[in-house]
Amino acid sequence: MEPEAAVHPAVDTSPVLERHWAQEAGIAWIGKSTMAISPRLGTYTFLATLITNIDLLVDERHIDRCGTCTACLDACPPDAFVQPYQLDANRCITYWNVEHRKEFTEETPDFNNWIAGCDICQEVCPWNKFSKETSEPRFTPRDSMVNLDLVKIAQNKSYVAELIQGTPLQRTGADAIQLSLKHIQTEDS
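Here is a short report on the structure shown in this document.

Cut-off values and rules
- Residues numbered from 1 in each chain as written.
- Predicted model: local features only at pLDDT ≥ 70, side-chain atom pairs only at ≥ 80, totals over all residues.
- Heavy atoms only, no water.
- Helix = DSSP H or I, 4+ residues; strand = E, 2+ residues; numbered from the N terminus.
- Buried < 20%, exposed > 50% of the residue type's maximum accessible area, 1.4 Å probe, protein only.
- Contact = heavy atoms within 4.5 Å.
- Areas by Shrake-Rupley, 256 points an atom, 1.4 Å probe, with all protein chains shown as cover.
- Lys, Arg positive; Asp, Glu negative; His and termini not counted.
- Charge placed at Lys NZ, Arg CZ, Asp CG, Glu CD.
- Salt bridge = Lys/Arg side-chain N within 4 Å of Asp/Glu carboxyl O.
- Core = buried A, V, L, I, M, F, W, Y, C linked by side-chain atoms within 4.5 Å.
- Patch = residues over 30% accessible without salt bridge, like charges linked within 9 Å, V, L, I, M, F, W, Y side chains within 5 Å.
- Axes fitted to C-alpha atoms, helices over the stretch in contact; angles between N-to-C directions.
- Parallel < 35°, antiparallel > 145°, perpendicular 65-115°, else oblique.
- Left-handed = near helix turned anticlockwise from the far one by under 90°.
- Nonpolar A, V, L, I, M, F, W, Y, C, P; charged D, E, K, R; others polar.
- Polar contact = N/O pair within 3.5 Å; in protein donor to acceptor, adjacent residues only side chain to side chain.
- Disulfide = S-S within 2.5 Å.

Within the protein chain, the regular secondary structure consists of nine helices and six strands. For the C-alpha atoms alone, the extent of the protein chain along its principal axes is close to 55 × 45 × 30 Å. The buried share among the 189 residues of the protein chain stands at 33%. Restricting to contacts in the protein chain with at least 6 residues of sequence separation, those with at least 24 account for 60%. Accessible area of the protein chain: about 12600 Å², with a carbon and sulfur share of 54%. With 16 positive and 27 negative side-chain charges, the protein chain shows a spacing of 2 Å between the two charge centroids.

Below, the structure is given as structure tokens:
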């Protein structure tokens, strides 16, 4: 133990570019999709950081193993990748329906029925064939999140707030989720 150690833990809660540090620590490499890719787990991972004032040993960096694969780039519905390793957030569905907090504009891409996020680039990544379903019960999808009541989501903000309580979508917020659904309904009409 280091009695003088100060540690700040974070899991998507602080302004830290976790994927960069995952690459530096030898946990993953940053793929053409701009996501951290673990050779053992693919892209479906949680990246946590421990910011500390003590020196730590680090593993050797992973080499880029994307090779000639462009599955993530080719599958992106709004063509958000300007080139490999470069994402234009203004075209990215996840940016618009998770991070964007204002009314949508004519530049807003079609959401392709994604209310929050878009996992298409992950779904097609061949490195995800190594991912394993977690045995952690807290990560089991809630039935209410799998079988969404879209009418209730559109009409009842308190229902949405309760639905996302204790999930990563809580940071996104009920207003943004309702706005995303409204945008999807506009696309369909």
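Close approach of charged atoms allows side chains with opposite charge to pair. This model, assessed by the stated rule, comprises five salt bridges. The shortest N-O distance in the salt bridge between Arg91 and Asp88 comes to 3.7 Å. You can call Arg91 partly exposed: its relative accessible area is 35%. Arg138 is the salt-bridge partner of Glu136, the closest N and O atoms lying 2.9 Å from each other. Owing to a relative accessible area of 24%, Glu136 belongs among the partly exposed residues under this scheme.

Counting residues in each nonpolar core, the largest one holds 17 residues, and the members touching the most others are Phe104, Phe111, Ile115, Ile153, Tyr159, Val160 and Ile177. For this core, the secondary-structure elements that each account for two or more residues are helix 3 (93-99), helix 7 (157-164) and helix 9 (174-188). Tallying contributions element by element places helix 9 first for this core, with five residues. When sequence neighbours within four positions are dropped, the list of residues in contact with Ile115 reads Asn97, Leu148, Leu150, Ile177, Ser180, Leu181 and Ile184. Among the nonpolar cores identified, the runner-up in size contains seven residues, and Cys72, Cys76, Cys92 and Cys121 belong to it.

A surface patch of nonpolar side chains, about 320 Å² in accessible area, is lined by Val11, Phe46 and Phe139. Relative to the helices and strands, Phe46 is located in the loop between strand 3 (36-37) and strand 4 (49-52).

The subject of this paragraph is the packing of helix 7 against helix 9. Helix 9 packs onto helix 7 with a crossing angle of 110° between their chain directions and a minimal axis gap of 9 Å. With respect to each other, helix 7 and helix 9 are oriented roughly perpendicular. Helix 9 is crossed by helix 7, and the crossing has right-handed handedness. Seen from helix 7, the contacting residues are Lys157, Val160, Ala161 and Ile164; seen from helix 9, they are Ala174, Asp175, Ile177 and Gln178. For the contact of helix 7 with helix 9, the per-class residue count stands at five nonpolar, one polar and two charged.

Looking now at the side chain of Lys32. Mapped onto the elements of the fold, Lys32 is located in the loop between strand 2 (29-30) and strand 3. One buried charge, Lys32, has no salt-bridge partner; the nearest side chain with opposite charge is Asp64, at 6.7 Å. A polar atom in the side chain of Lys32 sits 2.6 Å from the backbone oxygen of Gly67. Excluding residues that lie within four positions of it along the chain, Lys32 makes contacts with Cys66, Gly67, Thr68, Cys69, Thr70, Cys72, Leu73, Phe81, Pro84, Tyr85 and Gln86.

All chains considered together, the criterion is met by zero disulfides. Of all cysteine sulfurs, the one in Cys69 lies closest to Cys72, which takes part in no disulfide; the gap is 6.3 Å. Taking relative accessible area as the criterion, Cys72 reaches 11% and is therefore assigned buried. Unpaired in this structure, Cys118 has its nearest cysteine sulfur neighbour in Cys121, at a distance of 6.4 Å. For Cys118, a relative accessible area of 16% corresponds to the buried category.

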